[in-house]
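This is what each chain is made of:
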Amino acid sequence: MAAGIDDIAIYIPRLFVDARDFAKARGMDPDKLQRGLGVSKMAIVDTNQDPACMAANACLRLMERNKISPKDVGRLYVATESSLDESKAMNSYVIGMLEQIYGDGSFEHCGGIECKFACVSGSYALYDNSNWIRAGEAEGKYAIVVVSDIAKYDLGSSGEYTQGAGAVAMLLNDNPRIMTFDPKITSTSIKNEYDFYRPFGKETPIVHGQYSNLLYMIQIKKALMTYKEKALSSGLIKLNEGETILDYIDFVNMHLPYSNMGKKALAYLLRHEWRNLPRWKKIIDKMGMQEPIPKDPRGTIESVLADEEFMQKDHQFTKIFTMTEEFQEIYDSKLASSLIASRMVGNLYTASLYMGFRSCLEFEFQKGTDLEEKRFGFGSYGSGSSAMVFSGRIMPTYKEMVRDMNLESEIGNRIKISLEEYEEIHENKRGPTENILDSKKEFVLVEIENKPEMRGQRTYVFRE
Ligand code: COA
């Protein structure tokens, strides 16, 4: 039985910080944010929004636009790394909100859990729910997987300029109108690491940014190698002499902690895949530079990062490589459209990869590209750390789903906030009712209980 993505809905908070204002306030060159990292706006949650209500809002949009009632949904999973409770799962909050619309107990039959593994957990949730469908357990019902997060870093830290917030809800079934996942080739890689983590009680993560970037690329490369073995042994893809697996992936969607990470990761994977092919010699000749090798080629990530001479040369090599027409052609045709949304909203942790997929669908459609039967490859990464590589093919019916996708109008009227307002929200100086925006047709948080026997209980309402 097939399984895949039938539809996608998004929810992005309307408040944002402009990268230029941010750079000015922090005494930074705005070009570092806009050109160096690909950040132009960071979506920020209002005081009356949290990851659960963003998830519920994305879910409601998904259900309304597909005229689905709760009885059609067999599973509702939420993947997040912005958990609200050590025990109570975020999907229960979401169901509580949805039942305000659909009636008390309307989701009683619907199973689900909250999933955690930094930014990769949404991909595990998609995989597990696809397998629930493939196993025939769904009995004609949909699974909904929602990825929802607030990417929040310490004030003044190097992660602060890669913040953002939002949710993506995905409808899965056995006859999907957008994409069918390729079967039996989803591949993973996993290792105990501390590149980025958030200890209990801490609101912001401890981040080793450069270490994490390199680990991300290494882990995805490992998962890609397993994907390649499975794709070749299953006969899904056949390689001719001088070809790479990436030649058979029409569009590449990468996890995007910031927009330019997609480009960095693509360059890394292409270097790895092209290095032993005849085409590489031509590129190296044109570049006029040999690929640098670290002093200790079998060393650790730490030893590679500490090898300053290598790092500097490797940075230069990557820069020159990304300017070659061979790289540019792949970048423009396979990756660029997926990076647009990230530039507009920032990091969404679990939701970043899927916002990138949404972005690619919308902007390729606008370009007039025919996506039918095209293969999308996904590189999902979660710190701590695990990577997942999988793929799917676009269904002939995708056009009717993608035609109306419009990021700007779906986000709605965006409001730029001052750095003072942003810092007040960041430092939790405003309570839930001291919100900036008037909300319409969405769930908002109105109270968090403080009495000892009810501590942490959250009340949400739907604003008409
Ligand atoms: N104009 C244009 N580009 C500039 C620039 C300027 N004035 N100044 C710097 N840049 C470029 C750099 O060359 C670099 O480009 P490169 O990636 O191609 O090398 C880029 O901007 C970033 O600069 P860098 O000095 O590496 O940034 P940083 O040390 O301030 O930190 C991150 C960048 C991404 C490591 C940091 O923001 C971070 O840790 N973010 C969080 C990431 C995360 O959470 N990861 C875990 C989950 S995947």
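Data block above holds the structure.
Here the residue numbers are simple positions, counted from 1 along each chain's written sequence. Local features are withheld for residues below a pLDDT of 70 in this predicted model, meaning they are given only at 70 or higher, and side-chain atom pairs are given and counted only at 80 or more; totals for whole chains, interfaces and linings count all residues. To obtain the side-chain values, all non-hydrogen atoms of the structure were included, while hydrogens and water were left out.

Trainee: Any details on the overall build of the protein chain? Residues and values, ideally.
Mentor: In DSSP terms, a helix is any run of H or I states spanning at least four residues, a strand is any run of E spanning at least two, and both are numbered starting from the N terminus. Along its length, the protein chain carries 15 helices and 17 strands. A globule of 464 residues ought to have a C-alpha radius of gyration of about 23 Å, and the protein chain, at 22 Å, matches this closely. Viewed in the frame of its principal axes, the protein chain has a C-alpha envelope of about 65 × 55 × 40 Å. For the protein chain, buried positions account for 55% of its 464 residues. In this analysis, two residues are considered to be in contact whenever any of their non-hydrogen atoms come within 4.5 Å of each other. Restricting to contacts in the protein chain with at least 6 residues of sequence separation, those with at least 24 account for 77%. Values of accessible area rely on a 1.4 Å probe in the Shrake-Rupley scheme; residue burial ignores everything except the protein chains shown. Accessible area of the protein chain: about 20300 Å², with a carbon and sulfur share of 49%. For the radius of gyration, the atom set is restricted to C-alpha positions; the globular benchmark scales as 2.2 Å times the number of residues to the power 0.38. Exposure classes here rest on a 1.4 Å probe applied to the protein chains alone. A residue is buried below 20% of its type maximum, exposed above 50%, and partly exposed in between.

Trainee: Describe the pairing of strand 4 (residues 73–79), listing the residues and the values that go with them.
Mentor: Burial within strand 4 is extensive, with seven of its seven residues counted as buried. Following DSSP output, two strands are said to pair if at least two bridges run between them. In this structure, strand 4 lies alongside strand 6 (residues 142–151), joined through six bridges in parallel fashion. Looking at the pairing, Val 78 lines up with Val 146 of strand 6. Where strand 4 and strand 5 (residues 114–115) come together, two bridges link them in parallel fashion. By the bridge assignment, Ala 79 is partnered in strand 5 with Cys 115. Viewed with both strands pointing away, a crossover whose connecting path from the first strand over the helix to the second turns clockwise is right-handed. In the classification by handedness, the crossover that spans strand 4, the intervening helix 4 (residues 90–102) and the parallel strand 5 is right-handed.

Trainee: Hey, could you go over the side chain of Asp 314 for me, with residue numbers and the actual values?
Mentor: Examined against the element boundaries, Asp 314 turns out to sit in helix 10 (residues 308–323). Within polar-contact distance, the side chain of Asp 314 engages the side chain of Arg 271 at 2.8 Å. In contact with Asp 314, other than residues within four places in its own chain, are Arg 271 and Pro 292. Any pair of nitrogen or oxygen atoms within 3.5 Å is treated as a polar contact; in protein, a donor-acceptor pairing is required on top of that, and neighbouring residues in sequence qualify only through side-chain atoms on both sides.

Trainee: Describe the environment of Leu 171, and please don't skip the residues or the numbers.
Mentor: Relative to the helices and strands, Leu 171 is located in strand 7 (residues 164–173). With relative accessibility at 0%, the residue Leu 171 sits in the buried group. Between the alpha carbons of Leu 171 and Val 446 there is a distance of 28 Å; along the sequence they are 275 residues apart. Those residues in contact with Leu 171 that sit more than four places away from it in its chain are Gly 4, Ile 5, Asp 6, Asp 7, Leu 62, Asn 66, Ile 68, Tyr 142, Ala 143 and Ile 144.

Trainee: Talk me through the site of the ligand; I want residue IDs and the actual numbers.
Mentor: Within the structure, the ligand sits among 23 residues, and Tyr 153, Ser 158, Tyr 161, Lys 264 and His 315 are positioned closest to it. One of the side-chain N or O atoms of Tyr 153 is found 2.4 Å from an oxygen atom in the ligand. Ser 158 places a main-chain nitrogen or oxygen 2.6 Å from an oxygen atom of the ligand. In isolation the ligand offers 980 Å² of accessible surface; the protein chains occlude 78% of this area. The dominant element in the shell around the ligand, judged by the number of residues it contributes, is helix 2 (residues 30–37), at four residues. When the residues that make up the shell around the ligand are grouped by side-chain class, the tally is eight nonpolar, ten polar and five charged. Residue proximity to a molecule or strand is established when one non-hydrogen atom of the residue lies within 4 Å of it. Residue type decides the class: Asp, Glu, Lys and Arg count as charged, Ala, Val, Leu, Ile, Met, Phe, Trp, Tyr, Cys and Pro as nonpolar, and the leftover types, Gly among them, as polar.

Trainee: Run through the state of the cysteines, naming residues and quoting values.
Mentor: Disulfide: a pair of cysteine sulfur atoms within 2.5 Å of each other. By the definition in use, this model includes zero disulfides. Sulfur of Cys 115: no disulfide; nearest cysteine sulfur belongs to Cys 110 and is 13 Å away. Summary of cysteine pairing: Cys 360 is not part of a disulfide, and the nearest cysteine sulfur, belonging to Cys 119, is at 20 Å. Accessibility expressed as a relative area gives 1% for Cys 360, which makes it buried.

Trainee: Go over unusual backbone geometry, please, and point to the residues and values.
Mentor: Looking along the chain, the bond that leaves Gly 384 and enters Ser 385 is cis, with omega of 0 degrees. Counting through the fold element by element, Ser 385 comes out in the loop between strand 13 (375–382) and strand 14 (386–394). Phi at Lys 184 takes a positive value of approximately 60 degrees, unusual for a residue other than glycine. Mapping Lys 184 onto the fold places it in the loop between strand 8 (179–181) and strand 9 (187–190). Within the chain, Asn 428 stands out as a residue other than glycine whose phi angle is a positive 55 degrees.

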